[in-house]
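Residue-level structural notes
Okay, here's what each chain looks like letter by letter:
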Amino acid sequence: MEKLTPQKLEQLHKQKKQQQGNLIRVGMSSCGIAAGAQQVYSVLKEEVSKRGLPVSVEKCGCLGMCYAEPLVEVQVEGVPTVIYGKVNPEVALKILEKHVVSKMLVNDYIFTFQVE
Amino acid sequence: MYTKTVFLKDTGADTEERTRQVYSVFIDLIRNHNLQDQVQVVRVADIGIYNQGIVIEILPDNVLYANVKEEDFSRIIDTTIKESKVIEDLLYKKPSKQLRIVLRNCGRINPESIEDYIAKGGYLALKKVLLEMTPDAVIEEMKKSGLRGRGGAGYPTWLKWKFTRQVTAEQKYVICNADEGDPGAYMDRSVLEGDPHSVVEGLIIAAYTIGASRGYFYIRAEYPLAVERIRLAISQAYEYGLLGKSILGTDFDFDIEIRLGAGAFVCGEETALIASIEGKRGTPRPRPPYPSVKGLWDKPTAINNVETLANVPYIILEGADNFAKIGTATSKGTKVFALTGKVKNSGLVEVPMGITLREIVYDIGGGTISGKPIKAVQTGGPSGGVVPEEYLDTPVDYENLQKLGSIMGSGGMIVMDEDDCMVDIARFYLGFCVDESCGKCAPCRIGGFQMLKVLERIASGKGKSADISLLKRIAFAMQKASLCGLGQTAANPVLSTLRYFENEYKEHIDERYCRAAKCVELLNYTIIQEKCKRCTVCVNQCPVKAIAGSRETGFSINVDTCIKCGRCFEVCKFKAIARK
């Protein structure tokens, strides 16, 4: 990687800011991992690549709702972005099937929290 | 594709079943209106609002209704869903919300990707500082922001930086104190794991401001993931030219190294931390001289906490004035708390200063798990104290908590209900400090140990009436004579529980009674023969087979074998076990 200059930093910021796409984020901080996020992450990664689904799976930090870990945030075009909590591998597969493929939200696992 | 989404949750009942019933009623109505292809209705597990009956949120309108009755459903469908109009009388004002500055990127970016951080405006604050601001201008900006140290003591950050900058020396250092060790507190860990670059950026800005060319991350070894992510963040920053020689093409050079803490709580104290980095035994030394004058290897050193540093890029980018708008007169910005204990939604919360404890515990935390009333909230960890229920409406800031005999501390917040014994709590925290005392100064080493012995005596029912004044006397001596913050504050949990719950101490001493039934040595379990149905559930559940007898003659508890675990008390459906 070439060292950044102020201009290049600015460019990179603008370029990266605009990148949008279907995305699944799995909370992979200590709290999430302790609750089983590693397994959820692996299942999602594996299934997405196996079925060639148009979504990328990424790690993220702790959102703060440790009581609801493992947390999975899903941003898919045409569906409101939501955060699923207490996700296990089974629910993770359901999320892929319903949310990502059929564009329908999954019942009983959505956690919304009121943050500005 | 759906044009509207309806989130639905019955927040009044704890059972999912209620939400299911409401859901089917609503969905039937949607079908009657033939809207099932345009509207999707979703049962939500948690909508962030508690005890407000049926809550309905409609997207993309972002309309939130609470305390909705089933007869309102048709109105909602006709008005809000069909015509996108708001029904004023059902509208719910969102409760006191969290405000995220420190946790702005936590959970929003991949912590292992520097480009994700840059996408969110990362390192733009550094660019602004290096290109447009003199170190004095940065200090001025920090002064305007009113940011105070988030490690616990609340020392103004700008002043610390100014003092360190003022001293002339050929070498200066900055240190990020990530030796978070309070029981129940993990705010810093989450920031390091969720948004490591924000702390790295904050540290680089601090270094530029005071004129340091070397910096250290002091992280406790118990945080392996945090260490891994900080290590990765630092190496990425080097790769992108944000660390090392001529950062961003300017003439500013700065290097960071990581040092691991080996598990001593006292190393969170700044002079002990410095000794530890120098390779010496981690014990504090008297101040002054302060580290800003004589710190690491006797050079001027600025030590800042993780959360403090994570605030810095935000202040630079958003402006000190915007930051100073948040909070109270003396405490600006937000504070991250690790909300734990008997609270329903344990986790991290970031709230503006000046919010009340009640709002944090009830509106964000959802109240207690057990539904029992709150007895007190512990803040500030082993250096802090308890805030009893009647003071929960106090706005949270450094001064207010101090007035109540507690401290802001690093951000641990433990909710306690009626089942928590205050003598037991005091014993736990003091025990922690006694374990962690480095032993260098006598007031802390001996005072702590003796106080703990007195507390143990009280908890075991052998307390004397003079014990309370003895505790106060030793506590006073420790506060006045200990060398460092650990010893000076170790007695705080005892003093604060004594201040608000002295009657509980007296009950332990005079009546040999623990109202929370926590102090096992004061408890006795007996079977009330009149109520006993001889079902033998307790007999089977007793882990030490202390309950003997037969269905014909009845049962009794053998006092000598009984370990007072309380299992029989919990399992008896007929309330036939007496606990006294």
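Thresholds, definitions, all that
Residues numbered from 1 in each chain as written. Chains lettered and ligands numbered in written order. Predicted model: local features only at pLDDT ≥ 70, side-chain atom pairs only at ≥ 80, totals over all residues. Heavy atoms only, no water. Helix = DSSP H or I, 4+ residues; strand = E, 2+ residues; numbered from the N terminus. Buried < 20%, exposed > 50% of the residue type's maximum accessible area, 1.4 Å probe, protein only. Contact = heavy atoms within 4.5 Å. Areas by Shrake-Rupley, 256 points an atom, 1.4 Å probe, with all protein chains shown as cover. Lys, Arg positive; Asp, Glu negative; His and termini not counted. Charge placed at Lys NZ, Arg CZ, Asp CG, Glu CD. Pairing = 2+ DSSP bridges. Axes fitted to C-alpha atoms, helices over the stretch in contact; angles between N-to-C directions. Buried area = accessible area lost by both parts, 1.4 Å probe. Salt bridge = Lys/Arg side-chain N within 4 Å of Asp/Glu carboxyl O. Polar contact = N/O pair within 3.5 Å; in protein donor to acceptor, adjacent residues only side chain to side chain. 1 Å grid on protein atoms, 1.4 Å probe; cavity = no way out; pocket = protein on both sides within 12 Å on 5 of 7 lines; lining within 4 Å. Points joined across faces, edges and corners; volume = space filled by probe spheres on them. Nonpolar A, V, L, I, M, F, W, Y, C, P; charged D, E, K, R; others polar. Parallel < 35°, antiparallel > 145°, perpendicular 65-115°, else oblique.

1. Things to note about the overall build of chain A
- Counting its secondary structure elements, chain A contains 4 helices and 5 strands.
- Per-residue burial over chain A gives 53% buried out of 116 residues.
- The long-range share in chain A, meaning contacts at least 24 apart out of those at least 6 apart in sequence, stands at 60%.
- Roughly 5,300 Å² of accessible area belongs to chain A as shown, and the carbon and sulfur atoms make up 48% of that amount.
- With 14 positive and 12 negative side-chain charges, chain A shows a separation of 5 Å between the mean positions of the two kinds.

2. Description of the overall build of chain B
- What chain B contains, in helices and strands, is 21 helices and 17 strands.
- Overall, chain B is about 90 × 75 × 40 Å in size when its C-alpha atoms are taken along their principal axes.
- Per-residue burial over chain B gives 59% buried out of 580 residues.
- Excluding contacts between residues fewer than 6 apart, the proportion of contacts in chain B whose partners are at least 24 apart in sequence is 69%.
- Of the accessible surface of chain B, which amounts to about 23,400 Å², a share of 50% is contributed by carbon and sulfur atoms.
- Chain B carries 75 positive and 72 negative side-chain charges, and their two centres are separated by 5 Å.

3. Some details on the sheet that holds strand 7 (residues 255-261) of chain B
All names here are of chain B.
- Taking strand neighbours across the sheet as the criterion, the 4 strands line up as 7-6-5-8 in an open arrangement whose pairing is parallel. Only two strands of the sheet have a single partner each, and these edge strands are strand 7 and strand 8 (301-305). The mean inter-strand angle of the sheet, taken between neighbouring strand axes irrespective of direction, is 20 degrees.
- Strand direction decides the pairing type here: strand 5 (residues 173-178) and strand 6 (residues 214-220), joined by 6 bridges, are parallel. Pairing of C176 across the sheet is with F217, part of strand 6.
- Across the sheet, helix 9 (residues 224-239) is in contact with strand 6 and strand 7; its angle to strand 7 comes to roughly 170 degrees.

4. Some remarks on the interface of chain B and chain A
- Taken together, the 63 residues of chain B in the interface contact 47 residues of chain A.
- Carbon and sulfur atoms make up 54% of the surface buried where chain B meets chain A, a total of about 4,500 Å² over both sides.
- The partner of E73 of chain A in a salt bridge is R108 of chain B, and the shortest N-O contact between them spans 2.7 Å.
- Where chain B packs against chain A, one counts 27 residue pairs in polar contact (both at pLDDT 80 or more).
- A per-element tally of the side of chain B that touches chain A places strand 2 (residues 39-46) of chain B first, with 7 residues.

5. Side note on the environment of K3 of chain A
- Structurally, K3 of chain A is set in the segment before helix 1 (6-18).
- For K3 of chain A, a relative accessible area of 49% corresponds to the partly exposed category.
- For K3 of chain A, the residues in contact, after removing those within four places along its chain, are K8 of chain A together with Y238, E239, Y240 and G241 of chain B.

6. With respect to the layout of surface pockets
- Taken as a whole, the second largest pocket spans an internal volume of roughly 860 Å³.
- At the level of elements, helix 1, strand 1 (23-27), strand 2 (56-60) and strand 3 (72-75) of chain A together with helix 3 (114-119) and helix 11 (306-318) of chain B are the ones that each hand at least two residues to the lining of the second largest pocket.
- Of the residues that constitute the lining of the second largest pocket, the class distribution is 9 nonpolar, 10 polar and 13 charged.

7. Regarding the pattern of salt bridges
- In the structure shown here, the tally under the stated rule is 41 salt bridges over all chains.
- The residue R189 of chain B makes a salt bridge to E193 of chain B at a minimum N-O spacing of 4.0 Å. Taken as a pair, R189 of chain B and E193 of chain B lie in helix 7 (residues 187-194) at a separation of 4 residues, close to a single helical turn.
- For R189 of chain B, a relative accessible area of 17% gives the class buried.
- On the accessibility criterion, E193 of chain B (0% relative accessible area) is buried.
- Ionic pairing is found between E222 of chain B and R220 of chain B, a salt bridge with its closest N-O pair at 3.3 Å.
- Using a relative accessible area of 40% as the deciding quantity, one classes E222 of chain B as partly exposed.
- Taken together, the shared-partner salt bridges in this structure form one network comprising E47, K50, R51 and E97 of chain A.

8. Some remarks on the side chain of S145 of chain B
Residues and elements named next belong to chain B.
- Its location among the elements puts S145 in helix 5 (residues 135-145).
- Residue classification places S145 among the buried residues on the basis of a relative accessible area of 0%.
- Not counting chain neighbours up to four residues away, the residues in contact with S145 comprise I315, A320, F323, A324 and K332.

9. Quick look at the environment of G448 of chain B
- Within the secondary structure, G448 of chain B is located in helix 16 (residues 442-459).
- Sequence separation between G448 of chain B and V423 of chain B is 25 residues, and the spatial gap between their C-alpha atoms is 15 Å.

10. Some points on the sheet that holds strand 11 (residues 374-379) of chain B
Residue and element names in this part refer to chain B.
- Ordered in space as 10-9-13-11-12, the 5 strands form an open sheet in which the pairing is mixed. In the strand order of this sheet, the two ends are held by strand 10 (347-352) and strand 12 (385-388), each with one partner. Sheet twist, expressed as the mean angle between neighbouring strand axes with direction ignored, is 30 degrees.
- In the sheet, strand 11 pairs with strand 12 via 4 bridges, with the strands oriented antiparallel. Residue pairing in the sheet places T379 in a bridge with G385 of strand 12.

11. Let's talk about the pairing of strand 13 (residues 412-417) of chain B
Residue and element names in this part refer to chain B.
- Summarising burial for strand 13: 6 of the 6 residues are buried, a large majority.
- Side-chain alternation along strand 13 places G412, I414 and M416 on one buried face and M413, V415 and D417 on a second face that is also buried.
- Bridge count for strand 9 (residues 334-341) against strand 13 is 4 bridges, and the pairing is parallel. In the strand pairing of strand 13, T340 is matched with I414.
- Note: strand 11 against strand 13, 5 bridges, orientation antiparallel. Residue I374 lies in a different strand from strand 13, and its bridge partner there is D417.

12. Notes on the packing of helix 8 (residues 196-210) of chain B against helix 11 of chain B
Residues and elements named next belong to chain B.
- At a minimum axis distance of 7 Å, the contact between helix 8 and helix 11 shows a crossing angle of 80 degrees. In terms of axis orientation, helix 8 runs roughly perpendicular to helix 11. In this structure, helix 8 uses S198, V199, E201, G202, L203, I205 and A206 to contact helix 11, whose residues at the interface are V306, L309, A310, V312, P313 and I316.
- Class assignment of the residues belonging to the contact of helix 8 with helix 11 gives a composition of 10 nonpolar, 2 polar and 1 charged.

13. Quick word on unusual backbone geometry
All names here are of chain B.
- A cis amide bond links L59 to the next residue, P60, at an omega of 0 degrees.
- As for its position among the elements, P60 is in the loop between strand 3 (54-59) and strand 4 (63-68).
- Put simply, R287 and P288 share a cis peptide bond, and its omega is -5 degrees.
- With respect to the helices, strands and loops of the structure, P288 is situated in the loop between helix 10 (270-277) and strand 8.
- Backbone geometry places N67, a non-glycine residue, at a positive phi of 50 degrees.
- Along the polypeptide, N67 turns up in strand 4.
- At Y123, a position not held by glycine, the phi torsion is positive, near 65 degrees.

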